[in-house]
Amino acid sequence: MRKMTTEVVVAGAGPTGLMLANELALAGVDTSVLERMHERTGLSKALNLQPRTAEVLDLRGLLPRAKDRSFATVADGHFAVIPVCYAGWDTRHPYQLGIPQAEVEAALEERLAEQGVRVRRGHELTSFTQDADGVTITAGELQIRAKYLVACDGGRSTIRKALNMRFEGIEGQGHGVAADVRFKRTPPGVPTQWRSTTNMVTSQSPGKFIGVIPLNEPNLYRISFGDRLNRPENLRAKATDNEVRDAVTERFGPEAEIEEIRWASRFSDDSRLAEHYRVGRIFLAGDAAHTHFPAGGQGLNLGIQDAMNLGWKLAATLHNHAAPNLLDTYEAERRPVAQKVLDNVAAQNALIPTTPNQRALRALFRDLTALPEVQHHLSGMISGLAITYKTEDPHPAAGTRLPDLLLPNGDHASSLFHKGKWVLLTKTPEAQPHTEVVVAELPELPWPEITRVLIRPDGYVANTTGETKTWLT
Ligand SMILES: Cc1cc2nc3c(=O)[nH]c(=O)nc-3n(C[C@H](O)[C@H](O)[C@H](O)COP(=O)(O)OP(=O)(O)OC[C@H]3O[C@@H](n4cnc5c(N)ncnc54)[C@H](O)[C@@H]3O)c2cc1C
């Protein structure tokens, strides 16, 4: 048995684990990433970054590389396939970036390697024990002693199961299949570029749906189809080529000739949320903590933002800068965010009609979405821009995300966060109050009474007094 020590073990090199490892490496935390797969599959379930995730990546200077690997800028998002517009939000990124999950992972892994951390591929975490001082992790012939372990090992998380963590929610009735399909010729009426979510999905018969998204090669499409009322006896049964061909023929007719089915995978419409995100020195993040039907394109985005929330808290704790209960705020802040996503996914599922009454309800709901307030509410939810965290500061700006303001020196505020530090914006110049804090001049805010504001490394306003002591020791 080979033995080693590190500060944090991240189990799983999906988007959540890679984002977290980047955050830890940026903060100088000794990090080991274990990944059971020997190499990347190159396959992508997710295809989008929502506006808040684009902002989060921008805070770390990662957005340009994501854009380089993207294939589409989509003007809107959707709620139950009803388009919602992000324009009412004060963001520099009011769009979905169309980017395959594999490219998000590649961009994150590339940055991680630049920070000196290599993913240990072919290393499946099989067991672990924890005590008061740390966690001992076994992955094949490797035994690692670490201060903390983070389960980023996906929906079937070995770690969550070994912790006997309750993982409950809504048992779905149906299933879906996602497949990347190359046509001989693009079927008539199907767009060749992904610019909007309008008319992305159609429903042929009650409960059945099929969606088509143009991908990054000519005639290549993501086909997502399914049945909300029926599922195969074995939900893990492989999706067959015939299933894909039948669904395509039903939607486009026999003239839609398929040249190639690159991959096809079945997914369920169950929703589940871990009862806790922390057990002692072990944390859950991403799909290990929450899974749901991929309505609205939110799961990967949720995972990346879990990582952004947890990374600086672990680093501050390991570096003895943190207030004592800081690590507990991870579950307190992120679990309600996931619960809201599960709830909005359930609401979206309820709006895919299976009866005439539901069809009428959907039509009424669609009419309501024309109201600007409804658009704003729905787009804030789907984009992640409406997320706020509770703080002791009663000011309405406290706990909200800092929009990417233009600073008096001409830079955008996002550039101040590239090193993962805290940011203090003040009207009058002052000395750095702590080694972890970057100080800069405060631009005009909608609240003239604010003269000092302290922002957390993940871009959320800690307080509107600029006081650092309750957060940093
Ligand atoms: C069909 C479909 C479409 C989707 N579309 C979207 C979308 O458009 N937008 C969106 O935001 N989300 C979407 N999602 C959800 C998104 O794909 C997931 O939320 C995302 O993959 C979660 O990332 P993760 O890193 O938490 O987990 P995963 O991506 O599952 O990564 C977990 C990693 O851990 C590794 N691992 C597992 N066990 C171990 C172990 N014991 N030891 C070491 N390594 C281990 C795995 O090999 C894997 O690499 C979709 C999901 C599906 C099914």
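The model shown is predicted, which means the values in this text are computed figures rather than measured ones.

Engineer: Mind showing me how you'd approach the UniProt feature "domain: FAD-binding" (unreviewed entry) in the protein chain here?
Structural biologist: In the numbering used here, UniProt assigns the "domain: FAD-binding" (unreviewed entry) feature to residues 6-344. In residues 6-344, helix accounts for 28% and strand for 29%; the two terminal C-alpha atoms are 39 Å from one another.

Engineer: Which parts of the structure should I look at to understand the packing of aromatic side chains?
Structural biologist: Any two aromatic rings considered together are summarised by their centre-to-centre distance and by the angle between their planes. Scanning all chains against the criterion turns up 12 aromatic pairs. An angle of 85° between the planes, with centres 6.0 Å apart, marks the rings of Phe183 and Phe252 as edge-to-face. On the criterion of sequence distance, the pair formed by Phe183 in strand 15 (residues 175-183) and Phe252 in helix 6 (residues 241-252) is long-range, its members being 69 residues apart. Here the two residues Phe183 and Phe252 agree in accessibility, since each one is buried. An angle of 90° between the planes, with centres 6.0 Å apart, marks the rings of Phe209 and Phe293 as edge-to-face. Pair noted here: Phe209 is in strand 17 (residues 208-214) and Phe293 is in the loop between strand 23 (290-291) and helix 7 (299-318), with a separation of 84 residues, a long-range link. Residue class for Phe293 comes out buried when judged on its relative accessible area of 9%. Each member of the aromatic cluster is reached from another via a ring pair, and the members are Tyr148, Tyr277, Phe283 and Tyr330. The residue whose ring lies beneath Arg160 is Phe167, and the NZ or CZ to ring-centre distance is 3.5 Å. Seen from the ring of Tyr148, Arg281 lies directly overhead, with NZ or CZ sitting 5.1 Å from the centre.

Engineer: When you look at the domain arrangement of the protein chain in this model, what are you seeing that I'm missing?
Structural biologist: Many structure descriptions define interface size as the accessible area lost when the parts assemble. Here the domain parsing of the protein chain yields domain 1 (2-168 + 272-343), domain 2 (175-268) and domain 3 (391-473). Taking the mean C-alpha position of each, domain 2 and domain 3 sit 46 Å from one another.

Engineer: Just to check I follow, could you spell out the site of the ligand for this structure?
Structural biologist: Within the structure, the ligand sits among 31 residues, and Thr16, Glu35, Asn48, Asp287 and Asn301 are positioned closest to it. Measuring from an oxygen atom of the ligand, one finds a side-chain N or O atom of Asp287 at 2.8 Å. Listed by contribution, the elements that provide at least two residues to the shell around the ligand are helix 1 (15-26), strand 3 (31-35) and helix 7. Ranked by residue count, the leading element in the shell around the ligand is helix 7, at three residues. Classifying every residue of the shell around the ligand gives 12 nonpolar, 13 polar and six charged.

Engineer: Would you mind showing me how to read the layout of surface pockets here?
Structural biologist: It is a probe the size of a water molecule, rolled over the atoms, that shows where empty space is left. A volume near 970 Å³ is recorded for the second largest pocket. Contributing to the lining of the second largest pocket are 36 residues, with Glu333, Thr388, Tyr389, Lys390 and Thr391 lying nearest its centre. Counting residues per element, the lining of the second largest pocket draws most heavily on helix 8 (residues 328-350), which supplies eight residues. For the lining of the second largest pocket, the class distribution of residues is 14 nonpolar, 16 polar and six charged. Mapping the lining of the second largest pocket onto the domain boundaries places at least three of its residues in each of domain 1 (2-168 + 272-343) and domain 3 (391-473).

Engineer: I keep staring at the packing of helix 7 against helix 8 and nothing clicks. Help me out?
Structural biologist: Two measures define how a pair of helices packs: the angle their axes make with one another and the distance between the axes. Where helix 7 contacts helix 8, the two axes come as close as 10 Å, and the packing angle between them is 170°. With respect to each other, helix 7 and helix 8 are oriented roughly antiparallel. Contacts between helix 7 and helix 8 involve Leu302, Gln305, Asp306, Asn309, Leu310 and Lys313 from the first element and Thr329, Tyr330, Glu333, Arg334, Val337, Ala338 and Val341 from the second. Within the contact of helix 7 with helix 8, the residues separate by chemical class into six nonpolar, three polar and four charged.

Engineer: What exactly am I supposed to notice about helix 6 here?
Structural biologist: One turn of an α-helix holds 3.6 residues; hence residues three or four places apart share an orientation. In a regular helix each residue adds 1.5 Å, so 12 residues correspond to 16 Å; helix 6 covers 16 Å between its end C-alpha atoms and thus fits that length. Here helix 6 has its buried residues at Val244, Ala247, Val248 and Phe252. All buried residues of helix 6 fall inside an arc of 105° around its axis, so they share one side. Counted as exposed and oriented over 90 degrees from the buried face of helix 6: Asn242 and Asp246. The elements touched by buried residues of helix 6 are strand 15, strand 17, strand 18 (220-227) and strand 19 (258-268).

Engineer: How should I be thinking about the sheet that holds strand 17 in this particular structure?
Structural biologist: Across a sheet, strands are paired by hydrogen bonds formed along the backbone, either parallel or antiparallel in direction. Spatial ordering of the open sheet is given by 16-17-18-15-19, a layout of five strands whose pairing is antiparallel. Strands with a single pairing partner mark the edges of an open sheet, and in this sheet they are strand 16 (201-202) and strand 19. Where strand 16 meets strand 17, two bridges bridge the pair, whose relative direction is antiparallel. When the sheet's bridge partners are listed, Thr202 is paired in strand 17 with Ile210. Its contacts with the sheet put helix 6 on strand 15, strand 16, strand 17, strand 18 and strand 19, and the angle it makes with strand 19 is roughly 105°.

Engineer: Teacher, can you tell me more about the sheet that holds strand 12 (residues 142-146) here?
Structural biologist: Here we have four strands laid out as an open sheet, ordered 1-12-11-10, and mixed in their pairing. Two strands bound the open sheet, and with one partner strand each, they are strand 1 (2-5) and strand 10 (127-130). Adjacent strand axes in the sheet meet at a mean angle of 15°, parallel and antiparallel pairs treated alike. In this structure, strand 11 (residues 135-139) lies alongside strand 12, joined through five bridges in antiparallel fashion. Looking across to strand 12, one finds that Ile137 is bridged to Ile144.

Engineer: Teacher, can you tell me more about the packing of helix 1 against helix 7 here?
Structural biologist: One way to put it is that helix 1 packs onto helix 7 with a least axis distance of 8 Å and a crossing angle of 25°. In terms of their interaxial angle, helix 1 and helix 7 are classed as roughly parallel. As helix 1 runs across helix 7, the sense of the crossing is right-handed. Residue-level inspection shows Pro15, Thr16, Met19, Leu20, Glu23 and Leu24 of helix 1 in contact with helix 7, the latter providing Leu300, Gly303, Ile304, Ala307, Met308, Leu310, Gly311, Leu314 and Ala315.

Engineer: What is the right way to look at empty space enclosed by the protein in this model?
Structural biologist: For the coordinates displayed, the defined rule picks out three cavities of 30 Å³ or more. The computed volume of the largest cavity comes to approximately 100 Å³. Forming the walls of the largest cavity are Arg52, Glu55, Asp58, Leu59, His93, Leu402, Pro403, Asp404, Ser414, Phe417 and Gly459. Among the residues forming the lining of the largest cavity, the class breakdown is four nonpolar, three polar and four charged. Composition of the lining of the largest cavity by domain shows at least three residues from each of domain 1 (2-168 + 272-343) and domain 3 (391-473). Contributing to the lining of the second largest cavity are Leu57, Leu62, Ala66, Ile99, Val104, Ala107, Leu108 and Ile304.

Conventions and cut-offs
- Residues numbered from 1 in each chain as written.
- Predicted model: local features only at pLDDT ≥ 70, side-chain atom pairs only at ≥ 80, totals over all residues.
- Heavy atoms only, no water.
- UniProt positions renumbered as here; feature names shortened; annotations may be inferred.
- Helix = DSSP H or I, 4+ residues; strand = E, 2+ residues; numbered from the N terminus.
- Phe/Tyr/Trp six-rings, centres within 6.5 Å; stacked < 30°, edge-to-face > 60°.
- Buried < 20%, exposed > 50% of the residue type's maximum accessible area, 1.4 Å probe, protein only.
- Lys NZ or Arg CZ within 6 Å of the ring centre and 35° of its normal.
- Domains from an automatic or database assignment.
- Near = heavy atom within 4 Å.
- Polar contact = N/O pair within 3.5 Å; in protein donor to acceptor, adjacent residues only side chain to side chain.
- Nonpolar A, V, L, I, M, F, W, Y, C, P; charged D, E, K, R; others polar.
- 1 Å grid on protein atoms, 1.4 Å probe; cavity = no way out; pocket = protein on both sides within 12 Å on 5 of 7 lines; lining within 4 Å.
- Points joined across faces, edges and corners; volume = space filled by probe spheres on them.
- Axes fitted to C-alpha atoms, helices over the stretch in contact; angles between N-to-C directions.
- Parallel < 35°, antiparallel > 145°, perpendicular 65-115°, else oblique.
- Contact = heavy atoms within 4.5 Å.
- Expected span 1.5 Å × (residues − 1).
- Arc of directions from axis to C-beta.
- Pairing = 2+ DSSP bridges.
- Left-handed = near helix turned anticlockwise from the far one by under 90°.

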